[in-house]
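A closer look at the structure
Read off the chains here:
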2 protein chains.
Amino acid sequence: MRQLILLDHDEFLTRLGKIRALMNDAQASAMLVTDNANIYYLTGRVFAGYIYLPANSMPVFFIRRPIGLEGDGVVYIRKPEHMAESIGLDTPESLALELDITPYSMIERLKAIFPQAVIVNASPMLRAARAVKTPREIELIATSGIKQERVYRRIPHLYREGMTDLELQVEIERTSRLEGCLGQFRISGDSMELYMGNILAGENADNPTPYDFAMGGEGLDPSLPVGCNGSVIREGESVMVDVNGNYTGYMTDMTRTYTVGNINALAMKAHRCSVEICREVSAMAIPGTETKDMYHRAEEMAREAGLYEYFMGHRQKAGFVGHGVGIEINEQPVIAPRSRDIIQTGNVFALEPKFVIPHVGAVGIENTYAVTPQGVRCLTNAPEDIETLK
Amino acid sequence: MRQLILLDHDEFLTRLGKIRALMNDAQASAMLVTDNANIYYLTGRVFAGYIYLPANSMPVFFIRRPIGLEGDGVVYIRKPEHMAESIGLDTPESLALELDITPYSMIERLKAIFPQAVIVNASPMLRAARAVKTPREIELIATSGIKQERVYRRIPHLYREGMTDLELQVEIERTSRLEGCLGQFRISGDSMELYMGNILAGENADNPTPYDFAMGGEGLDPSLPVGCNGSVIREGESVMVDVNGNYTGYMTDMTRTYTVGNINALAMKAHRCSVEICREVSAMAIPGTETKDMYHRAEEMAREAGLYEYFMGHRQKAGFVGHGVGIEINEQPVIAPRSRDIIQTGNVFALEPKFVIPHVGAVGIENTYAVTPQGVRCLTNAPEDIETLK
């Protein structure tokens with residue numbers, strides 16, 4: 001038998017306490033958690049089942065799979081209907097369910113198990129709790145950043161003349177995996193899809209994608225229209241590398257730009273502008289800052305440099321310049337013009353002011369930053385200048 | 001501008017016709033499709049948006065991203081509420097929505113756009129339509145099978161003495177990607193997660209996973225508890241390889257077993273039993289066969305061979321022996337003891353009678369089969385015997 005909870009006891013109580021405080025604010029008498037990312041947040045592992053979390057007593061862990069877990073509150077079930085039967089739960093007055101991510105049919109099934117309960121939405125509470133990382137979580141993100149940096153430093157040496165963008169990506173994938181990258185790229189919701197990361201060489205950066213990523217690319221097949229498209233990397237074009245930084249269950253998000261030979265002055269200027277935006281806008285991230293002000297300052301700096309038409313895409317633009325990062329790639333806070341998020345100590349966010357320059361490709365950088373009591377700390381420290389592929 | 005529909009016109013009409021027939025059976029006056037896999041099925045590409053499909057007139061394609069698509073019925077929108085406004089749709093009497101996969105909050109939002117419509121479930125209709133592949137779809141799956149076979153034939157040459165399971169997996173991933181594997185492993189729903197594939201060496205095969213895959217494995221980190229765990233591949237143990245076969249947007253599912261040196265007689269016997277089950281049970285797949293009978297025959301053959309305690313797992317067992325394959329890995333028909341699915345011409349399914357032998361590891365094979373008018377056709381033709389890693 002193995003212990004269910006893999007978190008330190010204090011860490012477990014801290015996370016539980018944050019969620020309970022939010023439940024009290026929302027007057028939820030209980031919460032039922034079933035999403036893999038949220039189960040991992042609360043226990044340090046993924047299992048198939050449900051965490052039943054009353055506002056004022058200890059949680060019950062209803063487990064379907066795997067076998068062999070033990071600990072306080074562990075109850076094995078075969079289907080969700082067994083939850084009520086197995087321990088005769090007092091029906092909660094109001095029950096919070098993950099309405100923003102759980103399919104409609106499953107929510108209806110869960111509602112039928114607790115017919116007297118008023119249903120409220122657990123998703124905003126869990127998003128808010130997870131947006132403020134504990135020191136332990138920031139440590140796990142920082143570890144990912146160190147490993148991802150090690151991989152990025154090797155990228156110039158992985159290039160061979162005549163390579164396609166796919167061939168370079170495959171070597172970066174291999175190097176990442178051997179460094180311990182888990183590969184899995186967790187995204188909340190079903191609508192965004194990406195395999196391992198996004199490498200954009202030359203004009204392909206200007207191909208629009210259906211997904212809400214900052215950059216696009218045609219992809220290798222219309223079934224997955226994003227990222228590299230198999231074109232040969234050519235002199236005078238940029239190669240933007242934005243690959244998976246999930247080494248610990250918590251990820252960093254880092255982008256760097258490479259070239260073969262020189263790229264034109266406009267592209268060089270845009271890259272410098274991206275580095276400056278990162279520096280200035282990340283420094284704005286002190287508790288109380290409205291993230292929409294960070295977005296507006298980034299956009300303003302692009303305008304002042306005369307680069308607005310290339311900012312966050314050329315033919316198709318992204319509607320944000322940064323996003324929270326942690327267990328998933330699309331956490332809070334969102335750094336976008338209409339975001340209502342406000343920076344708090346414990347936030348970890350990626351900032352990615354990128355430009356797409358016609359005939360050259362994508363330029364710019366992306367870093368992941370933590371908002372700590374000692375100030376903003378960059379967790380992705382590979383060199384920021386454009387590097388030459390040898 | 002690019003044409004939205006990438007399917008041949010006849011192929012498009014065939015798929016549309018199948019869904020409309022199912023809508024008529026269910027008395028749905030319209031359907032709204034938003035899942036990436038279903039949008040890909042209907043158009044041959046993924047876009048962000050909605051397909052509004054009336055039972056008796058041509059569909060409207062409401063597109064949010066990417067820019068630049070054109071064709072009959074294309075309407076650009078910024079949010080779903082613009083659907084009703086933009087063309088003044090007659091409110092349908094009943095509207096089919098993908099209730100089994102779309103999050104609860106999104107369904108509530110869509111219901112509010114069509115307040116007079118009775119909501120019915122589109123998910124079973126789309127699953128049923130997609131379970132019966134067209135000849136063109138089978139061709140795409142067969143192409144994946146040929147490429148996957150090419151990769152599997154190279155596996156013995158990728159091994160180096162002293163390798164870990166992860167190191168071998170990374171080389172197989174690289175070979176697959178260079179052969180054109182898209183990497184993306186589409187699974188319906190959010191609950192199953194896997195990166196690229198599953199390699200199980202030795203005792204790790206007996207580690208239970210939370211996911212509903214046939215086999216388990218500890219994984220590299222508790223945030224993704226499935227597959228290889230970094231252990232060194234040792235003599236006398238088996239190495240089961242079950243990696244991603246998505247080369248065309250349509251995937252094959254194939255498993256083969258490898259060893260370093262010899263494995264014991266029990267494991268050899270179980271492997272032969274798996275090959276025999278595949279042969280006999282796949283041949284049962286003629287139109288009209290109940291898939292639960294296929295499951296029972298597989299289980300019976302394992303029992304007759306005295307291998308039941310190792311069948312489909314040892315410490316933890318999987319509840320099925322096969323599943324439909326296509327755009328996603330968990331399609332219909334399901335080959336399981338309580339399945340109500342019945343084999344039809346056009347079904348494509350994977351059969352994976354596997355065994356976990358203590359102290360040796362996982363043995364057995366998996367093939368993907370198409371049910372054609374000319375009989376059952378195997379689409380994954382790598383050698384089935386246990387191969388030695390050199």
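These remarks concern the structure in this document. (Residues numbered from 1 in each chain as written. Chains lettered and ligands numbered in written order. Predicted model: local features only at pLDDT ≥ 70, side-chain atom pairs only at ≥ 80, totals over all residues. Heavy atoms only, no water.)

Thoughts on the interface of chain A and chain B
The interface is formed by 62 residues belonging to chain A together with 62 residues belonging to chain B. Counting across the chain A and chain B interface gives 10 salt bridges. Here Asp212 of chain B and Arg65 of chain A are joined by a salt bridge, their closest N and O atoms 3.6 Å apart. In this structure, the connection of chain A to chain B is made through 29 residue pairs in polar contact (both at pLDDT 80 or more). Among the elements of the structure, α2 (36-43), β4 (60-65), α4 (104-113) and α7 (165-178) of chain A are those that each provide at least two residues to the side of chain A that touches chain B. For the side of chain A that touches chain B, the element with the highest residue contribution is α7 of chain A, accounting for nine residues. Within the side of chain A that touches chain B, the residues separate by chemical class into 28 nonpolar, 15 polar and 19 charged. (Contact = heavy atoms within 4.5 Å. Salt bridge = Lys/Arg side-chain N within 4 Å of Asp/Glu carboxyl O. Polar contact = N/O pair within 3.5 Å; in protein donor to acceptor, adjacent residues only side chain to side chain. Helix = DSSP H or I, 4+ residues; strand = E, 2+ residues; numbered from the N terminus. Nonpolar A, V, L, I, M, F, W, Y, C, P; charged D, E, K, R; others polar.)

What to know about the side chain of Glu331 of chain A
All names here are of chain A. Note that Glu331 resides in strand β15 (residues 331-335). For Glu331, the side chain forms a polar contact with the side chain of Lys133, separated by 2.7 Å. Of the polar contacts made by the side chain of Glu331, one reaches the backbone nitrogen of Ile327; its length is 3.0 Å. Ignoring anything within four residues of it in the chain, the contact list for Glu331 reads Arg130, Lys133, His323, Gly324, Val325 and Gly326.

Description of the relation of the copies chain A and chain B
Here the two chain copies are tied together by a rotation about an axis and a shift along that axis. The operation relating chain A to chain B is a screw motion whose rotation component is 180°, with 0.0 Å of axial translation and a residual RMSD of 0.0 Å. Accordingly, the operation relating the two chain copies is best matched by a two-fold axis. Both copies share a contact surface, since 100% of the interface residues of chain A are interface residues in chain B too. (Least-squares fit on C-alpha atoms with pLDDT ≥ 70 in both.)

So, helix α1 (residues 9-25) of chain A
Residue and element names in this part refer to chain A. Taking 1.5 Å of rise per residue, 17 residues should cover 24 Å, and α1 covers 24 Å from first to last C-alpha, within 8% of that figure. Buried residues of α1: Glu11, Phe12, Arg15, Leu16, Ile19, Arg20 and Met23, and no others. The buried residues of α1 occupy an angular sector of 170° when the element is viewed end-on, so they sit on one face. Facing away from the buried side of α1, by more than 90 degrees, are the exposed residues Asp10 and Asp25. The inward-facing, buried residues of α1 contact β2 (30-33), α2, β3 (48-54), β4, α5 (123-131) and α6 (135-158). Following α1 by one or two positions, Gln27 adopts a phi angle in the positive range, close to 55°. (Expected span 1.5 Å × (residues − 1). Buried < 20%, exposed > 50% of the residue type's maximum accessible area, 1.4 Å probe, protein only. Arc of directions from axis to C-beta.)

Considering the pattern of salt bridges
Residues and elements named next belong to chain B. Scanning all chains against the criterion turns up 50 salt bridges over all chains. One salt bridge in this structure joins Arg303 and Glu299, with 3.2 Å as the shortest N-O distance. In this pair, Arg303 and Glu299 both sit in helix α9 (residues 291-304), four residues apart, roughly one turn of the helix. Exposure remark for Arg303: the relative accessible area of 46% places this residue in the partly exposed category.

Considerations on the sheet that holds strand β9 (residues 197-201) of chain A
Residues and elements named next belong to chain A. On the basis of which strands lie adjacent, the open sheet formed by four strands has the order β9-β10-β13-β21 and mixed pairing. Two strands close off the open sheet at either side, each with one partner strand: β9 and β21 (387-388). Relative to β21, strand β13 (residues 256-259) runs parallel, the two sharing two bridges. Looking at β21, one finds that Thr259 is bridged to Thr388. Sheet contacts for α6: β10 (238-243), β13 and β21; angle to β10, the most-contacted strand, approximately 155°. Where α7 meets the sheet, it contacts β9 and β10, and its direction lies at approximately 145° from that of β9. (Pairing = 2+ DSSP bridges. Axes fitted to C-alpha atoms, helices over the stretch in contact; angles between N-to-C directions.)

Points about empty space enclosed by the protein
Across all of its chains, the model carries eight cavities of 30 Å³ or more by this definition. By volume, the largest cavity amounts to about 640 Å³. Lining the largest cavity are 36 residues, with Gln184, Phe185 and Met192 of chain A together with Gln184 and Phe185 of chain B sitting closest to its centre. Contributing elements (two or more residues each) for the lining of the largest cavity: α2 of chain A together with α2 (36-43) of chain B. (1 Å grid on protein atoms, 1.4 Å probe; cavity = no way out; pocket = protein on both sides within 12 Å on 5 of 7 lines; lining within 4 Å. Points joined across faces, edges and corners; volume = space filled by probe spheres on them.)

Topic: the sheet that holds strand β14 (residues 322-324) of chain A
All names here are of chain A. With antiparallel pairing, the five strands of this open sheet are ordered in space as β15-β14-β16-β19-β20. Each of the sheet's edge strands pairs with one partner strand only, and the pair in question is β15 and β20 (375-378). The sheet shows a mean angle of 25° between the axes of neighbouring strands, taken without regard to direction. Strands β15 and β16 (348-351) of the sheet are contacted by helix α9 (residues 291-304), whose axis makes an angle of about 45° with β15.

Some points on the pairing of strand β17 (residues 354-357) of chain A
Burial along β17 of chain A is two-sided: Lys354 and Val356 of chain A and Phe355 and Ile357 of chain A, pointing in opposite directions, are all buried. Between β17 of chain A and strand β18 (residues 361-364) of chain A, which pair antiparallel one after the other, the connecting turn spans three residues, and His359 of chain A there sits at a positive phi close to 70°.

Brief notes about the pairing of β9 of chain A
Among the five residues that make up β9 of chain A, five are buried, leaving the element largely enclosed by the rest of the structure. Side chains Gly197, Ile199 and Ala201 of chain A project from β9 of chain A onto one buried face, and the interleaved Asn198 and Leu200 of chain A project onto a second face that is buried too.

A look at the side chain of Gln148 of chain B
Along the chain, the position of Gln148 of chain B falls in helix α6 (residues 135-158). Each residue touching Gln148 of chain B, except ones within four places of it in the same chain, is listed here: Val243, Asn244, Gly245, Tyr247, Thr252, Asp253, Met254 and Thr380 of chain B.

A word on α2 of chain B
All names here are of chain B. With eight of eight residues buried, α2 is to be regarded as a mostly interior element. Taken together, the buried positions of α2 are Asn36, Ala37, Asn38, Ile39, Tyr40, Tyr41, Leu42 and Thr43. Summarising the contacts, the buried residues of α2 are in contact with α1 (9-25), β2 (30-33), β3 (48-54), β4 (60-65), α5 (123-131) and α6. One or two residues past the end of α2 sits Gly44, with phi positive at roughly 85°.

So, the environment of Ser339 of chain A
Residue and element names in this part refer to chain A. As for its position among the elements, Ser339 is in the loop between β15 and β16. Given a relative accessible area of 10%, Ser339 falls into the buried group. Excluding residues within four positions of it along the chain, Ser339 makes contact with Thr291, Lys292 and Val334. Within the structure, the side chain of Ser339 is placed 3.1 Å from the backbone nitrogen of Asp341, a separation counted as a polar contact.

What to know about the packing of α2 of chain A against α5 of chain A
Residue and element names in this part refer to chain A. In the contact formed by α2 and α5, the axes pass within 12 Å of each other and the chain directions differ by 50°. One way to sum up the angle between α2 and α5 is to call them oblique. Helix-helix and strand crossings are classified by hand; for α2 and α5 the assignment is left-handed. Residues Ala37, Asn38 and Tyr41 of α2 lie in contact with α5, whose contacting residues are Leu126, Ala129 and Arg130. Among the residues forming the contact of α2 with α5, the class breakdown is four nonpolar, one polar and one charged. (Parallel < 35°, antiparallel > 145°, perpendicular 65-115°, else oblique. Left-handed = near helix turned anticlockwise from the far one by under 90°.)

Focus on the nonpolar core
By size, the foremost hydrophobic cluster in this structure holds 49 residues, and its most contacted members are Phe213 of chain A together with Ile19, Met23, Met31 and Phe61 of chain B. Elements supplying a minimum of two residues to this core: α1, β2, α2, β3, β4, α5 and α6 of chain B. With five residues, the single largest contributor to this core is α2 of chain B. In this structure, Met31 of chain B is in contact with Ile19, Met23, Ile51, Tyr52, Leu53, Leu95, Ala96, Ala122, Met125 and Leu126 of chain B, ignoring residues within four places of it in sequence. In terms of nonpolar packing, the next biggest core, distinct from the first, is built from 48 residues, Ala37, Val46 and Phe61 of chain A together with Leu224 of chain B among them. (Core = buried A, V, L, I, M, F, W, Y, C linked by side-chain atoms within 4.5 Å.)

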